[in-house]
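Structure at a glance
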Amino acid sequence: MIHIAICDDDSVQLKRAEKLIQKKAARFCPEIDLFSDGAELIKAVKSTDYTPDLAMLDIHMPGNSGIEVAKALNLLAPECRIIFLTSFLGYATEVYETRHSYFILKSELDDRIDAALSKALENKAQEPRVRFREGRTMQTVTVSELLYLERNLKKTAIVLCGGKKHFTTAKAEELLKDVPPGCFIHCHQSFWVNLDKITGMKAESFVLDTGEEIPISRSRKKEAKEAFFARLERQMEQR
């Protein structure tokens, strides 16, 4: 699933873009959110866990222009790709003040949207990612970077392969909701482990490729054992 935000103060253009994106981006299983002004979109990113994979922004809007919104998204949600929409070529040079993927004249939207989506979303749907809020910014890590999650009181530690840790208030179940089943095993009340990082299993723990051991609770031992050996079987089949 790809999360797409469309921001335009013209309600007719907003609905037109939504209908077109729903059709043209069908292969990405888009979930589309509509915003009538830039401040509304920025507020959603700042105050909630909302992080679009792609934002389509009208440049000329009252209040926050699309350029200003893009600059904010570049900081708050750096993984978000940007496509600018406009009726005026005069804005063409200003878009280069931001990181963006494409610039489309609204009169050419039907003809150029396929190329814009392909460029903006290339490789976006391939590797699963975990997105989370840390402080005031949104972070994204790929599943291949992630060792395990540890929930302690009201914080979840996101532990990466290099030893770096991120902390968020989001629960593990929420963080993993877009990750395909079978990538992680909930082996203990407080731990969710990336199965690809497990090299061995002891009576009461998993051994990771870093040498670290993650506890397995008695109530989850059967499920953990089944998941571990199923993974070994898959690896053998792939050889």
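1. Thoughts on the packing of helix 1 (residues 11–24) against helix 4 (residues 109–121)
Packing of helix 1 against helix 4 brings their axes to within 11 Å, and their N-to-C directions diverge by 50 degrees. By the angle between their directions, the pair helix 1 and helix 4 is classed as oblique. In this structure, the crossing between helix 1 and helix 4 has a hand that is right-handed. Every residue of helix 4 that contacts helix 1 at Arg16, Leu20, Ile21 and Lys24 is listed here: Leu109, Asp110, Ile113, Asp114 and Leu117. Per-class residue counts for the contact of helix 1 with helix 4 are 5 nonpolar, no polar and 4 charged.

2. Considerations on the state of the cysteines
One pass over the structure, following the stated rule, counts 0 disulfides. Looking at the unpaired Cys7, the closest cysteine sulfur is the one in Cys80, lying at 11 Å. Take Cys183: it sits in no disulfide, and the sulfur closest to it among the cysteines is that of Cys161, at 13 Å.

3. Looking at the packing of aromatic side chains
Under the counting rule described, the total for this entry stands at 4 aromatic pairs. Arranged with centres 5.3 Å apart and planes meeting at 75 degrees, the rings of Phe228 and Phe229 form a pair that is edge-to-face. For Phe229, a relative accessible area of 39% translates into the label partly exposed.

Parameters at a glance
Each chain carries its own residue numbering, running from 1 in the direction its sequence is written. Since the coordinates come from a predicted model, pLDDT governs what is reported: local features require at least 70, and pairs of side-chain atoms require 80 or more to be given and counted, while whole-chain, interface and lining totals use all residues. The side-chain numbers reported here are obtained from all heavy atoms of the structure, hydrogens and water having been left aside. Lines are fitted to the C-alpha atoms to define the axes, a helix being fitted only along its stretch in contact, and any angle between axes, read from their N-to-C directions, falls within 0 to 180 degrees. Secondary structure elements are defined from DSSP: runs of H or I of at least 4 residues count as helices, runs of E of at least 2 residues count as strands, and each element is numbered from the N terminus. The scheme is simple: roughly parallel for angles under 35 degrees, roughly antiparallel for over 145, roughly perpendicular for 65 to 115, oblique for anything else. Each crossing gets its hand from how the near helix is turned against the far one by less than a right angle, where anticlockwise is left-handed and clockwise is right-handed. Should any heavy atoms of two residues lie within 4.5 Å, those residues are counted as being in contact. Under the scheme applied here, ten amino acids are nonpolar (Ala, Val, Leu, Ile, Met, Phe, Trp, Tyr, Cys and Pro), four are charged (Asp, Glu, Lys and Arg), and all others, including Gly, are polar. By definition, disulfides here are pairs of cysteine sulfur atoms that lie within 2.5 Å. The pairing test for Phe, Tyr and Trp rings, Trp by its six-membered ring, is centres within 6.5 Å, and the orientation test on the planes gives stacked under 30 degrees, edge-to-face over 60, and tilted for anything in between. Here the term buried applies to any residue with accessible area under 20% of the maximum for its type, exposed to any over 50%, and partly exposed to those in between, with areas from a 1.4 Å probe on protein chains only.

Function-wise, these values are silent; they only describe arrangement.
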